[in-house]
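Examination of the molecular architecture
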Amino acid sequence: VVGSLTLRVGLLLVLVLGVGGAGFLMGGGQVPPRDLGGLAGDPERGAYVLRMAGCVACHTESGGAFLAGGAPIETDFGRFRGPNITPDRETGIGGWTLEQFSAALTAGLGPGGRHYYPVLPYASYAAMHDQDIVDLWAYLETVEPASAGPVDQEVPFPFSMRPLLAGWKLLHLEPGPYRAVSGRSEAWNRGAYLVNGPGHCGECHTPRTWLGGLDRDRHLQGSSAGPGGERIPPITADEAGIGGWSKGDLVFALELGLMPDGDSLGGSMGEVVEHATSHLTLEDLEAIATYLLGE
Amino acid sequence: MRARSAFGSIVLALSLGGGLALPAAADVFEQRSALMKEIGDQMRGLAPMFRGESPYDAADVRARAEAIAERAGERIATLFPEGTLRDDSRALPTIWEEWERFEALSGLLEERARTLAAAADGDDARRAFGEFANTCRNCHTDFRRPED
């Protein structure tokens, strides 16, 4: 058993180093920067984008200052903490430019070109529209600055080698923004954007490959390895998922946490409802339902 | 009020068919599961009316909200005595670590159910329903383990 484990770890290492090395040499993960120069940010809209993008749950610790850093998230790849995203110049993102913020969201790059771990769901945020990014930034600049200690991500070898993330991006990061699918309604397209872009539903509801990328062949089919080892249910429009739900059922689940059987959502989805979906307009919740139910 | 609620408890205990005094741990688990299901059943009846999928019936809303209120507050708290965790229970140990908050949420659930009952005829019914549902979710987020 020990031998086979060593073999597996060794094989994993060779593959990760190979993919990562190839990505590094090919300049992988270099998503072209967005040209955001001509856009004016609206902080009020940005406060709404913050909820669309579900930033609060991971970047705010219960009882802590708003957006000044979140509680640790246990994953198969390490223990991560959402850092301080208030405009504090020392420990937050107060010294950043809009372009740096955009690179972090859509390319997983920190100032200076450091690769972020995809626990920041940039593979989803890559689909975000320019205007949403600009508005979100305008809002974040208005948040009360709060000082917080530095965040150390606890990631074991080989994933501790950040340059390897260039290879990960080569495989898993698709540059955006979202392009509407023709032949589908406006509501369906809005829903697809919200679910797969800012809402990043698939980051938990889609299972991951052994490399930690979303397994696109099993889109939204549920995962046994959610944050903290939580089992995440499928939300596909079939018997295994939410095929029997009405649009109204789904709207109530997202707005209130109320399930069709009268039970209430809890756990990590309870937090998602509290910090994200309950803040969305009825129109957006209906768009999400339209897309998920395939109507 | 105290005398009335003590009397109410006795009537309730008798009506449960002999579940008098302190029930055994296994019974408590069954009882609270059943209680939660009863609350859920009322919610399932309420939801379509607040979505406009079935005709709004204020008397029915009031009756359901009152039925929930009777099952909330102290009634919930007494069904979670310490040491009644089971492997198949989704209750989290945080219930007893943060007992005051848990008890306060049970109380808030009753209060919001009564508010909904009182608001059933008015324009505030939808809001009261939403606030009630939020209380269910808040408690389940902090004190219930997700499904395996």
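One structure accompanies this document, and this report is about it. (Residues numbered from 1 in each chain as written. Chains lettered and ligands numbered in written order. Predicted model: local features only at pLDDT ≥ 70, side-chain atom pairs only at ≥ 80, totals over all residues. Heavy atoms only, no water.)

Remarks on the overall build of chain B
For chain B, the count of helices and strands is 7 helices and 0 strands. Within chain B, the proportion of its 148 residues that are buried is 36%. For chain B, contacts bridging at least 24 residues in sequence account for 70% of all contacts bridging at least 6. Accessible area for chain B stands at about 8400 Å²; split by element, carbon and sulfur atoms hold 53% of it. (Helix = DSSP H or I, 4+ residues; strand = E, 2+ residues; numbered from the N terminus. Buried < 20%, exposed > 50% of the residue type's maximum accessible area, 1.4 Å probe, protein only. Contact = heavy atoms within 4.5 Å. Areas by Shrake-Rupley, 256 points an atom, 1.4 Å probe, with all protein chains shown as cover.)

What to know about the nonpolar core
Judged by nonpolar contacts, the single largest core of 58 residues is most densely connected at L50, L67, F101, L140 and L292 of chain A. Within the residue set of this core, elements represented by two or more residues are α2 (43-52), α4 (98-107), α5 (122-125), α6 (130-140), α7 (165-172), α8 (186-196), α10 (247-256) and α12 (282-292) of chain A. With 6 residues, α6 of chain A is the single largest residue contributor to this core. L140 of chain A has contacts with L50, L67, I85, P87, I93 and F101 of chain A, leaving out every residue within four places of it along the chain. Judged by nonpolar contacts, the second largest core, of 37 residues, contains A47, A69, L116 and A128 of chain B. (Core = buried A, V, L, I, M, F, W, Y, C linked by side-chain atoms within 4.5 Å.)

Quick look at the interface of chain B and chain A
Residue-level contacts link 21 residues of chain B with 22 residues of chain A. Both sides of the chain B and chain A interface together cover about 1600 Å² of buried area, and 54% of this is carbon and sulfur. Of all residues in chain B, R51, R137 and T141 of chain B give up the largest surface area on contact with chain A, accounting jointly for 35% of the area buried on that side. Run the count over chain B and chain A and you get 3 salt bridges. R51 of chain B is paired through a salt bridge with D249 of chain A; the nearest N and O atoms lie 2.9 Å apart. Scanning the region where chain B abuts chain A turns up 8 residue pairs in polar contact (both at pLDDT 80 or more). When contributions to the side of chain B that touches chain A are tallied by element, the ones reaching two or more residues are α2 (25-50) and α7 (125-143) of chain B. Among the elements that make up the side of chain B that touches chain A, the one with the highest residue count is α7 of chain B (10 residues). Looking at side-chain class alone, the side of chain B that touches chain A contains 7 nonpolar, 6 polar and 8 charged residues. (Buried area = accessible area lost by both parts, 1.4 Å probe. Salt bridge = Lys/Arg side-chain N within 4 Å of Asp/Glu carboxyl O. Polar contact = N/O pair within 3.5 Å; in protein donor to acceptor, adjacent residues only side chain to side chain. Nonpolar A, V, L, I, M, F, W, Y, C, P; charged D, E, K, R; others polar.)

A look at the environment of T91 of chain A
Residues and elements named next belong to chain A. Counting through the fold element by element, T91 comes out in the loop between β2 (78-81) and α4. Spatially, the C-alpha atoms of T91 and P150 are 6.5 Å apart, while their sequence positions differ by 59 residues. Apart from residues lying up to four places away in sequence, T91 is in contact with N84, A146, S147 and A148. Within the local environment of T91, its side chain forms a polar contact with the side chain of D88, the two groups lying 2.6 Å apart. At 3.0 Å, the side chain of T91 forms a polar contact with the backbone nitrogen of A148.

What to know about the packing of aromatic side chains
Here a ring pair, both rings aromatic, is described through the centre-centre distance and the interplanar angle of the planes. Within the structure shown, the criterion is met by 12 aromatic pairs over all chains. Taking 5.4 Å as the distance between ring centres and 35° as the angle between the ring planes, the aromatic pair formed by W99 of chain B and F102 of chain B counts as tilted. One end of the pair is W99 of chain B and the other is F102 of chain B, both in helix α6 (residues 99-119) and 3 residues apart, which spans about a single turn. Each ring, one from F102 of chain B and one from F143 of chain B, has its centre 5.3 Å from the other, and the planes form 85°; the classification is edge-to-face. With F102 of chain B in helix α6 and F143 of chain B in helix α7, the pair connects residues that are 41 residues apart, well separated along the chain. Classification of F102 of chain B by relative accessible area gives buried; the value is 4%. Aromatic ring contacts, followed pair by pair, group F252 of chain A together with F50, Y56 and F129 of chain B into a single cluster. Its end group placed over the ring of Y122 of chain A, K169 of chain A keeps NZ or CZ at 5.1 Å from the ring centre. (Phe/Tyr/Trp six-rings, centres within 6.5 Å; stacked < 30°, edge-to-face > 60°. Lys NZ or Arg CZ within 6 Å of the ring centre and 35° of its normal.)

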